[in-house]
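Structural features, examined
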Amino acid sequence: MFPGFTLFGNFFVSSYALCALAGIFTACPLSIYYFKKRTKNKNDDIALIFVFLFAAIGTFIGMHLLYGLTNIEYWGKLTEASDFMDFLNRFGIIFGGSVFYGGLIGGLIAGGISAKVQKLSIKDVTDCGAPVAAVIHGFGRIGCFLGGCCYGVEWEYGITFHNSLVESANGVPRVPVQLFEAGFEFALGILLFILLSKRKLYGRLLCVYLLAYPVGRFIIEFWRGDDYRGFLGGLSTSQLISIGIFFGTLVFLIANLKKQKEDQRKAG
């Protein structure tokens, strides 16, 4: 595999970062195009770019924060640091990894606040943002495959990593779950972009994403081999979060539909 390369002697550029950038430059311009087409305001491209920027910051914070929460039993090690540099090293180990769902939640919160402050249509923003999340994550999973992280269970017909950044992934053939998830995300992203272009399910495309992705992720998790992420009742952390997001979105949709019917009844 190809985890990355070193630039200028000591600056490591990861394949994951490059793939994520490829996803950003693929999905965001198309999303901005449809957003401007909907709102017909020439300045709305800048407004949506700010939403994406704040969403990116929220994603970065959320993904590392949730990873740190999965390592909560090691937080006490921070108090044992001998000096500030030792504290930073320990902090980097505890919070240095990333969990997608943490990034998703953080990105939704930060992006939603930005849209609210700019007084943008939440329905237009979420519709245009939903396919972006799927496509960027699809590219990100290709980066995971190249880096050898988020690896699958052992499988005699699988792919063998030899220079993965995660040592436990190397040396045995594994199910390429990263590529399975990437394919699923790309298919979901294309579907969402088609719905966006045809103005179908107005204001509900993010809900489509939040219903479809957790189902796919829940299934794919059974073939994940990095079981150090934690389990509860036989289910992984990501599977439990998938259940919560799926049913939370379902409840939101049902409540929203009931409210719409009630409003129509009162208006009629």
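This report concerns the structure included in the present document. (Residues numbered from 1 in each chain as written. Predicted model: local features only at pLDDT ≥ 70, side-chain atom pairs only at ≥ 80, totals over all residues. Heavy atoms only, no water.)

1. Re the packing of helix H7 (residues 205-220) against helix H8 (residues 237-267)
Cut-off, in case you're wondering: As a rule, the C-alpha atoms of each element are fitted with a line to give its axis, helices using only the stretch in contact, and angles between N-to-C directions run from 0 to 180 degrees. Runs of H or I in DSSP of at least four residues are treated as helices and runs of E of at least two as strands, each being numbered from the N terminus. An angle counts as roughly parallel when it lies under 35 degrees, as roughly antiparallel when it exceeds 145, as roughly perpendicular when it falls between 65 and 115, and as oblique in every other case. In this scheme the handedness of a crossing depends on how the near helix is turned from the far one: anticlockwise by less than a right angle means left-handed, clockwise means right-handed. Contact criterion: two residues are considered in contact whenever any of their non-hydrogen atoms come within 4.5 Å of each other. Under the grouping applied here, Gly and all other residues not named as nonpolar or charged are polar, the nonpolar ones being Ala, Val, Leu, Ile, Met, Phe, Trp, Tyr, Cys and Pro and the charged ones Asp, Glu, Lys and Arg.
The contact between H7 and H8 brings their axes to 9 Å, and the two run at 150°. In this view, H7 runs roughly antiparallel relative to H8, as classed from their interaxial angle. Viewed along their axes, H7 and H8 form a crossing whose handedness is left-handed. Contact with H7, carried on its side by Cys-207, Leu-210, Leu-211, Pro-214, Val-215, Arg-217 and Phe-218, involves Ser-238, Gln-239, Ser-242, Ile-243, Ile-245, Phe-246, Thr-249, Leu-250, Phe-252 and Leu-253 of H8 and no other residues of that element. Of the residues contributing to the contact of H7 with H8, the split by class is twelve nonpolar, four polar and one charged.

2. Side note on the pattern of salt bridges
In plain terms, the rule: For salt bridges, the criterion is a side-chain nitrogen of Lys or Arg within 4 Å of an Asp or Glu carboxyl oxygen. Only protein chains enter the accessibility calculation, which uses a 1.4 Å probe; a residue whose area is less than 20% of its type maximum is buried, one above 50% is exposed, and one in between is partly exposed.
Evaluation of the coordinates by the stated rule reveals ten salt bridges. Taking the shortest distance from any N to any O, the salt bridge between Arg-90 and Asp-86 comes out at 3.1 Å. Here the residue Arg-90 and the residue Asp-86 both occupy positions in helix H3 (residues 84-95), the gap between them amounting to four residues, near one helical turn. On the accessibility criterion, Arg-90 (23% relative accessible area) is partly exposed. Among the salt bridges present, the one from Glu-262 reaches Arg-265, with a minimum N-O distance of 2.4 Å.

3. Structural notes on the environment of Tyr-16
Checked against the element boundaries, Tyr-16 lands in helix H1 (residues 15-39). Residue class for Tyr-16 comes out partly exposed when judged on its relative accessible area of 33%. Between the C-alpha atom of Tyr-16 and that of Gly-102, which follows or precedes it by 86 residues, the distance is 17 Å.

4. Thoughts on unusual backbone geometry
Of note in the backbone geometry, Cys-150 takes a positive phi value of approximately 50° without being a glycine. As for its position among the elements, Cys-150 is in the loop between helix H5 (122-147) and strand S3 (154-160). Under the relative-accessibility criterion, Cys-150 is labelled buried at 16%. Even without a glycine there, the phi angle at Arg-199 is positive, about 55°. Among the secondary structure elements, Arg-199 is positioned in the loop between helix H6 (177-197) and H7.

5. Side note on the nonpolar core
Using the following cut-off: What makes a nonpolar core is a set of buried Ala, Val, Leu, Ile, Met, Phe, Trp, Tyr and Cys residues whose side-chain atoms join them at distances within 4.5 Å.
In terms of nonpolar packing, the biggest core is built from 35 residues, with Leu-48, Tyr-101, Leu-104, Leu-120, Val-125 and Tyr-209 touching the most fellow members. Of all the elements in the fold, those that place two or more residues in this core are H1, helix H2 (44-70), helix H4 (100-117), H5, H6, H7 and H8. No other element matches the seven residues that H5 contributes to this core. Setting aside anything within four residues of it in sequence, one finds Leu-104 in contact with Tyr-209, Leu-210 and Ile-245. Membership of the second largest hydrophobic core comes to five residues, among which are Phe-145, Tyr-151, Phe-161 and Val-166.

6. What to know about the packing of H1 against H5
Viewed as axis vectors pointing N to C, H1 and H5 meet at an angle of 165°, and their least axial separation amounts to 8 Å. One element, H1, and the other, H5, form an angle in the roughly antiparallel class. In the packing of H1 onto H5, the handedness of the crossing is right-handed. Residues of the contact of H1 with H5, tallied by class, amount to 18 nonpolar, eight polar and four charged.

7. What to know about a nonpolar patch on the surface
Put simply, the rule reads: The patches described consist of residues with a relative accessible area above 30% and no salt bridge, like charges being joined within 9 Å and nonpolar side chains (Val, Leu, Ile, Met, Phe, Trp, Tyr) within 5 Å. Each accessible area is a Shrake-Rupley result for a 1.4 Å probe, and residues are judged covered by the shown protein chains and nothing else.
Where nonpolar side chains cluster on the molecular surface, the patch consists of Ile-46, Ile-49, Phe-50, Leu-53, Phe-54, Ile-57, Phe-60, Ile-61, Leu-65, Leu-69, Ile-72 and Trp-75 and spans about 1100 Å² of accessible area. Accessibility expressed as a relative area gives 44% for Leu-65, which makes it partly exposed.

8. Some thoughts on the packing of aromatic side chains
By convention here, two paired aromatic rings are described through the distance between centres and the angle between planes. Put simply, the rule is: Between rings of Phe, Tyr and Trp, where Trp is taken as its six-membered ring, a pair exists when centres lie within 6.5 Å; planes separated by under 30 degrees are stacked, by over 60 edge-to-face, and by other angles tilted.
Per the counting criterion, the structure on display carries 15 aromatic pairs. Each ring, one from Phe-145 and one from Phe-161, has its centre 5.9 Å from the other, and the planes form 65°; the classification is edge-to-face. Separated by 16 residues along the polypeptide, Phe-145 in helix H5 and Phe-161 in the loop between S3 and strand S4 (173-174) bring together distant segments of the chain. The burial state of Phe-145 is the same as that of Phe-161; both residues are buried.

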